[in-house]
Amino acid sequence: MAGRLSCFTPNEFAVLEALMRRVNRVSVTLTVDRPYLAGERPDELDAFHPTAETSARLCEAADSAGLPVEPAVVLAPDVPPRFAANPMLAFLERNWETRESWDGDQALLQPEHPLCGLSVHAAVNRRAEVEAVARDMLRRVREDGSRWRDLAVFLRRMEDYADLIAAVFGDYGIPYYLDGKMSVSHHPFVEFIRSALECVAGGWKAEAVFRCAKTDLLGSADAVVTRDEIDRLENYALAAGIDGWRWHDDRVWYPLSMGDLETEDVPDSADEAMKSLLALRDAMLKPLRTMERRMKAGATVKDLCESLYLFLEDTAAADRLEQWSREDANAGNPGRMAMYRPLWDGVMNLLDQLVELMGDQTLDLQLFAGMIDSGLEELKLGAVPPSLDGVLIGSPERTRSDRIGIVYLLGVNDGVMPMKISENGLLAEDERERLTSAGLTMAPGARRRLLDERFLAYMTLTTASRHLWISYALADDEGQGLLPSEWIRRLKQWFPGLPLRTLSGEPLGVESEKEQLAFAAHPGRALTHLISRLRSWRQGEGIVPGWWSVYDWMREQDEWKNRLVSLISSLNYTNEEQPLQAETSRLLYGDRLLASVSRMERFVSCPFRHFASHGLRLKERRLYRMDAPDIGQLFHAALRQTTEKLFAEGPAGMDALRWQMEAAAAVDRLLPRVQSQILLSSHRHRLMARKLRDIVTQASTMLGGHAALSAFKPVGLEMSFGPDGMLPPLSLELGNGRWMDIAGRIDRVDAAESAEGLLLRIMDYKSSAVKLKLDEVAHGLSLQMLTYLDVVVSHAPHWLGRPAQPAGVLYFHVQNPLLHTANGVSKEEAEDLMFRKYRMQGLLLADGESVKLMDESLNQTTKSAVIPVEFKKRRQLLRAFASGRLHAVGRIAFFGAIANSPYRQKNRRRRGCH
């Protein structure tokens, strides 16, 4: 029987004892300082305690089996054969339990010496540590004639280095084999089972349904669901709020409202798309629904396990795993290819164990799903080496391999070697000792494992036959400092004068040429370091001649010269986006562009945001929630309906109670069309709907009050201008044969007669407080209202049959404010304070007569409660400025400007491109 084993499990001891009863001779090789016979027990501080215990128990088992114990053969040469050519490692093994110091040739302590058997390295971080190991491996394979299988990497904490080693060794082209059991909790097959059970046991959550679908295992042979179809269904489900019971109720699956809330017609294409989505939903959910029916009909664990197995059969999961295995084999991934069969067997074993342990017991479906989830979480698979010639990566506890020439022991930090052992079992340490003294065989506890760390260190440090590389990191991934292990101090005591080499992450200018060029071990990494050194050289730092040799070599290699040229160009790169080429801009935007004022404002806010939205046509995914645009649409539609109806009634429609009733009725009519009936979907959203109804009702009442005090009456509500609108677009010539047509929709246009003729004003409903600031107008950030006024005044002769003059632009804040007063107020005072809360903001013509037409109460007071005006103030209207500014912005936008430069105003936060 083989050696380098320190202990056996109780089952393994039982197998050995049964073997002893049936054979005449059993040979066991153990790493121990002397033989321990039956009845002997080593001291608990003995360095070879694990194997000494094993030796005694094997002798006791032989006596029990009636097999005589022959005299032990002790293999104790002065110098073990594997260390015959390496005096440093021989000294380390021979003086393991002594305090003697190395008195041999000091030249052997230098890593450059061919007979150096031990080197210690301190790395600035773990990545620098792994990359230094990769470079040393390449050097030994190229120069020393080593094979990959002669090299091994040992790690005490595999999780700290496994992903890093995979990435670095992949970059350097080093074949390796990771010795250890790998968790498969995130494998698509495991996630498929977990999410499928979560669907049927957790109430059909949308997140679980799509997790299950995106494993590419949900479906059947006659109904294959592609990833594009799943994405399309997910977009609809997120926008329509499909979750829980809604998956199975066809009544809540209807086309989404994409436009005006008052538009009732649904195009035929929307109905066809809806039928396609329903067919896709049924094909995707059919296996899950079948499994749900079977599980609800079953009563025992056996029935539930059988239902899960039949679900895997219905979805042809085994065939899909076999297909993936063949694809990996064809792609040259033997490691992944060999993973699928053990994974299927592991799941089947889990189901078999549940049936064997509690098959006849009844179990709640949620508890069963939890048990399956826990079993899958603990499922781990061992891998088979993909080739014979590869670097072995393992842990000292698990990996036992002979004939290893060079061992790289990484991460030798404090708390890692020796390992900090914590008690995390059900039994405390003193309880374990009492059970052990009572004759019960127990696994080693925290205290025993900590004492055995010394034996584990012996096994690790004496594995290599040619060289032992020991390294530790000075900082972790987050930059926190790390300390070296106490074994570093012990090695320095054994070998006084042993140098400590520092490993940096990149070549430094202060290093010698040889040290810098050591980083050029692999072309890919050499190119990275070359660009780094050239960048430093351009900044005035010196560069050693060897890097120019690297540059010349790469320039002559067809495989690397294109990448070299590309990376060299990055040295002159500045983070400034160049405008699009004229042809590209023309392909994106065309020769005659239909745009809106808000689009031009978005460009001024940030050119790149405009490019992403309108050039690349990126859109945010619609979600089932109430956002500000949805609330704004509800406000606009309800106020339009209310205003249109009550102004048509004349003086009879000016009653405040009538405004309240009509506004509430308009909101109730519109609620089912807001975001797929979201405001009717739950008690929380119904409360939100009631608050929105109150806001619209109160705002409508104030609009009625404003109308009673104003000679301006609506002549246009939700009036559109553009190619298909009531008014033609605002056309601007941009040059080079390109035009821009401005289109939009105006919330409300009011008109009044004056001594100078017809006056027009623009009103815009806002769900938040907005002011028209002159500095924002000047910079092109707020051009909408002035552009609207320009459009209606310019087209008044054709629209109203007579010319008109501008009177102003006003914002009306749709709100339901609270009154804050220090003392109580009367009802009349409260109504007056509330009325003033709705004072509109904007810009007006500096003309007293037009202002009085907007608020006839100005005959008695100097400050209006309706509009933002006092007779002591005079403002200039900027109507003529808007079209000129739009023309300038349009030329810049549609001739290719895409700079990522969001605007910034003094004392205001910078707005990002989002």
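It should be noted that the structure appears before, not after, this text.
A few points on the structure. (Residues numbered from 1 in each chain as written. Predicted model: local features only at pLDDT ≥ 70, side-chain atom pairs only at ≥ 80, totals over all residues. Heavy atoms only, no water.)

**Concerning the overall build of the protein chain**
Here is step 1: A tally of regular secondary structure across the protein chain gives 34 helices and 17 strands.
Here is step 2: Computed over the C-alpha atoms, the radius of gyration of the protein chain is 40 Å, more than 25% above the 29 Å expected from 2.2 N^0.38 for a compact globule of 914 residues.
Here is step 3: With the principal axes as the frame, the protein chain shows a C-alpha extent of 130 × 80 × 65 Å.
Here is step 4: Buried residues in the protein chain amount to 45% of all 914 residues.
Here is step 5: Put simply, of all contacts in the protein chain between residues at least 6 apart along the chain, 74% involve residues at least 24 apart.
Here is step 6: Accessible surface, the protein chain: about 47,200 Å² in total, of which carbon and sulfur atoms supply 51%.
Here is step 7: Across the protein chain, the 113 positively charged side chains and the 125 negatively charged ones have centroids separated by 5 Å. (Helix = DSSP H or I, 4+ residues; strand = E, 2+ residues; numbered from the N terminus. Rg over C-alpha atoms; globule rule 2.2 N^0.38 Å. Buried < 20%, exposed > 50% of the residue type's maximum accessible area, 1.4 Å probe, protein only. Contact = heavy atoms within 4.5 Å. Areas by Shrake-Rupley, 256 points an atom, 1.4 Å probe, with all protein chains shown as cover. Lys, Arg positive; Asp, Glu negative; His and termini not counted. Charge placed at Lys NZ, Arg CZ, Asp CG, Glu CD.)

**Structural notes on the sheet that holds strand β11 (residues 713-721)**
Here is step 1: What the five strands build is an open sheet, ordered β11-β14-β15-β16-β17; its pairing is mixed. Where the open sheet ends on each side, the last strands, each with one partner, are β11 and β17 (841-844). Neighbour to neighbour, the strand axes of the sheet diverge by 25° on average, direction disregarded.
Here is step 2: Here strand β14 (residues 744-754) runs beside strand β15 (residues 757-766); their pairing, made up of seven bridges, is antiparallel. If you follow alanine 752 over to β15, its bridge partner there is leucine 759. (Pairing = 2+ DSSP bridges. Axes fitted to C-alpha atoms, helices over the stretch in contact; angles between N-to-C directions.)

**Let's talk about the sheet that holds strand β13 (residues 738-742)**
Neighbouring strands of a sheet are bound in pairs by backbone hydrogen bonds; such pairs are parallel or else antiparallel.
Here is step 1: Pairing in this open sheet of three strands is mixed, and the strands run β10-β13-β12 from one edge to the other. Pairing within the sheet leaves two strands with one partner each, and these edge strands are β10 (592-595) and β12 (730-735). Along the sheet, successive strands turn relative to each other by an average axial angle of 20°, direction set aside.
Here is step 2: Pairing of β10 with β13, which is carried by four bridges, proceeds in the parallel orientation. Bridge pairing in β13 places leucine 593 opposite methionine 740.

**Some words on the side chain of arginine 126**
Here is step 1: As for its placement among the helices and strands, arginine 126 is situated in helix α4 (residues 126-143).
Here is step 2: By relative accessible area, which is 10% here, arginine 126 ends up buried.
Here is step 3: Those residues in contact with arginine 126 that sit more than four places away from it in its chain are Arg157, Asp160, Tyr161, Leu164, Ala473, Ala475, Asp476, Asp477 and Leu482.

**Thoughts on the nonpolar core**
Here is step 1: By size, the foremost hydrophobic cluster in this structure holds 64 residues, and its most contacted members are Phe189, Trp247, Met284, Leu288 and Ile372.
Here is step 2: At the level of elements, α6 (188-201), α7 (206-213), α8 (227-240), α9 (268-297), α10 (301-314), α11 (317-330), α13 (340-358) and α14 (365-377) are the ones that each hand at least two residues to this core.
Here is step 3: In this structure, isoleucine 372 is in contact with Ile193, Leu197, Leu308, Leu350, Leu351 and Leu354, ignoring residues within four places of it in sequence.
Here is step 4: In terms of nonpolar packing, the next biggest core, distinct from the first, is built from 48 residues, Met600, Met719, Leu789 and Tyr811 among them. (Core = buried A, V, L, I, M, F, W, Y, C linked by side-chain atoms within 4.5 Å.)

**A short note on unusual backbone geometry**
Here is step 1: Cis rather than trans, the peptide bond between methionine 417 and proline 418 has omega equal to 0°.
Here is step 2: Non-glycine residue arginine 617 carries a positive phi angle of around 60°.
Here is step 3: Position of arginine 617 relative to the elements: it lies in the loop between α25 (607-615) and α26 (628-648).
Here is step 4: One non-glycine residue, glutamate 718, adopts positive backbone phi at about 50°.
Here is step 5: Mapped onto the elements, glutamate 718 comes out in strand β11.

**Structural notes on the packing of aromatic side chains**
Two aromatic rings, taken as a pair, are described by how far apart their centres are and by the angle between their planes.
Here is step 1: Taken as a whole, this structure holds 24 aromatic pairs when the rule is applied.
Here is step 2: Taking the centre distance of 5.2 Å and the plane angle of 80° together, the rings of phenylalanine 48 and tyrosine 458 count as edge-to-face. Of this pair, phenylalanine 48 sits in the loop between α1 (10-20) and α2 (49-65) while tyrosine 458 sits in helix α17 (residues 453-461), and the two are 410 residues apart along the sequence.
Here is step 3: What makes phenylalanine 48 buried here is its relative accessible area of 8%.
Here is step 4: Where tyrosine 408 meets tryptophan 469, the ring centres are 5.6 Å apart and the plane angle is 55°; that geometry is what we call tilted. On the criterion of sequence distance, the pair formed by tyrosine 408 in strand β7 (residues 406-410) and tryptophan 469 in strand β8 (residues 467-473) is long-range, its members being 61 residues apart. Each of the two residues, tyrosine 408 as well as tryptophan 469, counts as buried.
Here is step 5: If you follow arginine 34 out to its NZ or CZ, it ends over the ring of tyrosine 36, 4.0 Å from the centre.
Here is step 6: In this structure, arginine 490 packs its charged tip against the face of tryptophan 487, placed 4.4 Å from the ring centre. (Phe/Tyr/Trp six-rings, centres within 6.5 Å; stacked < 30°, edge-to-face > 60°. Lys NZ or Arg CZ within 6 Å of the ring centre and 35° of its normal.)

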